[in-house]
Amino acid sequence: MATRPKASKAELAEQFRAFIDPEYVITDDETMKPYECDGMSMYCEMPLLVVLPETVAQVQRVMRICNENAVPVVARGAGTGLSAGAMPNKEGVVLSLAKFNRILNIDPLARTARLQPGVRNLAISEEAAQYGLYYGPDPSSQIACSIGGNVAENSGGVHCLKYGLTVHNLLSVEMVTAEGDVVTIGSDGLDGCGMDLLALVTGSEGLLGVVTEVQVKLLPKPEVARVVMAGFDSVQKGGDAVGGIIAHGIIPGGLEMMDGHAIIAADDFAQAGYPREAKALLLCEVDGTEEEVLEHIAEAEEVFRKLGATSVRTSCSEEERALLWKGRKSAFPAVGRISPDYYCMDGTIPRREIAHVLTEMEKMSEEFGLRVANVFHAGDGNLHPLILFDANVPGEFERTEAFGSSILRLCVEVGGCITGEHGVGVEKVRQMAVQFNDEELQQFHDVKAAFDPAGILNPGKGVPALKFCQEYRSLEHKQHKHDQTEAAHGG
Amino acid sequence: MADNLQTLREQVLQARNAGHKLNIVGGGTKTFMGRTADPDATTLNVGEHTGIVDYHPVELVLTVRAGTPLSEIETTLAEEGQVLHFEPPHFGEHTTIGGTLACNLSGPGRPWAGSVRDQVLGVRLINGKGEHLRFGGQVMKNVAGYDVSRLQAGAMGTLGVMTEISMKVMPKPAATLTLVQDMAMDDVIHYMNSRAAEPKPITAACWIDGKVYLRLSGARSAVEATAQKWTGEVMENGEAFWRQIQDLQHDFFTGDDPLWRFSVGSTAANPTLDGPWLIDWAGSQRWYRGEADQKQLEALAKEAGGQVSLFRGGDREGEVMHHQPDALKGIQRRVKNSFDPDGIFNPGRLYSWL
């Protein structure tokens, strides 16, 4: 934790304006307002000030000044994060990387791209398309989210099972440390010498350094991709089919599942022609060479039929494939239409627990009196339950948070984790105490101190202070006992 | 199959209390790697902490004790038609999964299938305080906390004693074949990278002795159709060739000359250095045999966008890994200190200063 800042807002602003365009040192509330939250808008805080440096040297100087004065720094990309990881610190500086928005180089032969951190995820694939290449990880926010933020969160998407997460698709990052040094972690080669700091930095949520350049791997665009859509009359059968396809030896490019609530909401929104009576829907994308896809499509259809699919439909054109995906990709806004607000969770579970977890979630939904719709990356066991609520009803968000917390506890109980791709941020910092014990959390704090001795980078996020953990665990324990008693009494 | 955890923890605590150092050994087949082990250090034998803890083929997830031999793991996976996708090198029948991860060693398919580090989902390890900690998990995606599991890759045991590893496994490809043809070294970098940029089921690309070898694996129809389109003869005993490359058993690797490993940009021009070369990973990994000036090799590696290490032989009292810049040295020292404050584990094995 940073000690009390040694410089006032005016003093800091003056120091920054000495080397950053004064227009990009923002101190007034009105202009700072858009920075008060990220995609997790329930958590807001106004920063002390916002800076938008334009060069790495400027980032270094900002870090040195903040480090000397013990001023917290929150690095910010596109602000699309879903765990309040970029929520400002009220005594700190928001360091926006928005000016670092250039694609520096694409090397089609080496299949790599060098990028500034503010480059949008989708822009990479758009630029690489002329060479028949693309960038693998495709989070739902890919139209807006930036590659620097993807590194900070180790972002995933719908194609992770086959093509990996951000950490699998990076070659190197250039990073400014808390003390203002520039280091390059990784290289143009695949496996350098020594401990894997690149993996450690990936997904570290802005707690270990500020990434100022990213080199990613690009993949050849598959010759063809087709989607098999299968409807099932129970989530159990849908869940079994997920395992069935993988056991058959097929690794789909994407394997997504929706429950009954999500099917109807998405179909109303996108008119994708989903089987509206189904209780579970699978979208299984197979990609590769023409021959491979033909072979695997036939096998996938057969597996789904054998496992009790009530309907099976395979895309025959790019238009049809896009339509089938449209429903899934618009599931969040679609659910947004049927409820004033929704809260998106991000737990992961072993795939074999899908049916059990969905059934338990239905029970919780009744207990908490809140509806829940499920869309998830079934291939990875990454759930995205959407809890529907109305923020204008007093107490309803608190109830939503409690429901969410119970879902995450269940994920950990069945062998999963509290976040698959959205990160811990502020939102799930308390639940870290469910997944990790105090010794493990202390080890995280010690790792953080190795990079950031003064504790200025994104303080209060990612890893909870140990003193709060014991309290949270005992509260959770009581709540758990209470739930069990209620359940035993048919509550 | 044996659970030796308590003994391992006790030995770590004893060493800590007595101010002793520990030399962590699994199967003992990689003593040639890294710098020479501290002669005063006591051996900590993880090789007896063995066994498959959990394996669900449908989940594509395997959890094993760190001392489990690769051969045992691969036999179990084969019964379910699955494999360790990263094709770990075997340096003897006792090569363990823990040592493989600690040294971050992967085989010829690495650029396509990923490395051992890429497949790791979670680890349990004993840190220098004797605490047994769990990081990551048994699920494909997990971003809670720092990625301490993958940090272990290449750390050569300097951060702790890994006791258990969870990793992703994959189905064995339905079909595999190898195409071979003559090619000059000057042409091969461009050729291999051009092939890798095509959306075809290529899974290995290697050049040695004036011949380029490309491996295709996946659905039978895709492999056969690609072999028809591409040039090169189908190799009779392709699998045996790749096995030799994977385990460093090819003739190229025999003898006592120092063996250098370059990890560089796949399209970089080959370093101007006379002597025998073997180019693997479509250009990303290049092996050189011979006496050489380490500083000169480091300059060549840097020019090629990467690093060089003295993989085997030569002077193992000096540094064997590529020189680290001061800022990264500082970070790595502090990371080491955060796991192992008394410097118990494998002192000086990775770098003289760690």
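Residues numbered from 1 in each chain as written. Chains lettered and ligands numbered in written order. Predicted model: local features only at pLDDT ≥ 70, side-chain atom pairs only at ≥ 80, totals over all residues.

Concerning the interface of chain B and chain A
Heads up, the rule is: Think of it this way: build a C-beta for each residue from its backbone, and any pair within 7 Å is a contact. Secondary structure follows DSSP: runs of H or I at least 4 residues long count as helices, runs of E at least 2 residues long count as strands, and numbering of each begins at the N terminus. Residue classes follow a fixed rule: Ala, Val, Leu, Ile, Met, Phe, Trp, Tyr, Cys and Pro count as nonpolar, while Asp, Glu, Lys and Arg count as charged, and any other residue, Gly among them, counts as polar.
Every contact between the two is made by 73 residues of chain B and, on the other side, 78 residues of chain A. With 7 residues, the top contributor of residues to the side of chain B that touches chain A is helix α11 (residues 326-339) of chain B. Along the lines of polarity and charge, the residues of the side of chain B that touches chain A split into 33 nonpolar, 28 polar and 12 charged.

Some words on the pairing of strand β18 (residues 382-389) of chain A
All names here are of chain A. Going by this rule: Three exposure classes are used. Buried residues have 20 or more other C-beta atoms within 10 Å of their own C-beta, exposed residues have 12 or fewer, and partly exposed residues fall in between, all C-beta atoms being placed from the backbone. Strands qualify as paired when DSSP identifies two bridges or more between them.
With 8 of its 8 residues buried, β18 lies for the most part within the structure. Burial along β18 is two-sided: the residues Asn382, His384, Leu386 and Leu388 and Leu383, Pro385, Ile387 and Phe389 are all buried. Relative to β18, strand β16 (residues 341-344) runs antiparallel, the two being bridged by 4 bridges. Looking across to β18, one finds that tyrosine 343 is bridged to isoleucine 387.

Here we look at the packing of helix α8 (residues 235-247) of chain A against helix α13 (residues 354-368) of chain A
Residues and elements named next belong to chain A. How we decide: Every angle, taken between N-to-C directions, lies between 0 and 180 degrees, and every axis is a line fitted to C-alpha atoms, over only the stretch in contact when it is a helix. Oblique is the label for every angle not falling under 35 degrees (roughly parallel), over 145 degrees (roughly antiparallel), or within 65 to 115 degrees (roughly perpendicular). By definition, any crossing whose near helix is turned counterclockwise from its far helix by less than a right angle is left-handed, and any crossing with a clockwise turn is right-handed.
The interhelical angle for the contact between α8 and α13, taken along N-to-C directions, is 150°, at an axis separation of 8 Å. Taken together, α8 and α13 sit at an angle that is classed as roughly antiparallel. Judged by the sense of rotation from one axis to the other, the crossing of α8 with α13 is right-handed. Mapping the contact onto sequence places Val235, Gln236, Gly239 and Val242 in α8 and Ile354, Ala355 and Leu358 in α13.

Things to note about the packing of helix α16 (residues 438-451) of chain A against α11(B)
Running from N to C, α16(A) and α11(B) cross one another at 160°; their axes reach a closest spacing of 8 Å. In terms of their interaxial angle, α16(A) and α11(B) are classed as roughly antiparallel. Pair α16(A) / α11(B) crosses with right-handed handedness. Across the interface between the two elements, Asp446(A), Val447(A), Ala449(A), Ala450(A) and Phe451(A) of α16(A) pack against Ile331(B), Arg334(B), Val335(B) and Ser338(B) of α11(B). Grouping the constituent residues of the contact of α16(A) with α11(B) by class yields 6 nonpolar, 1 polar and 2 charged.

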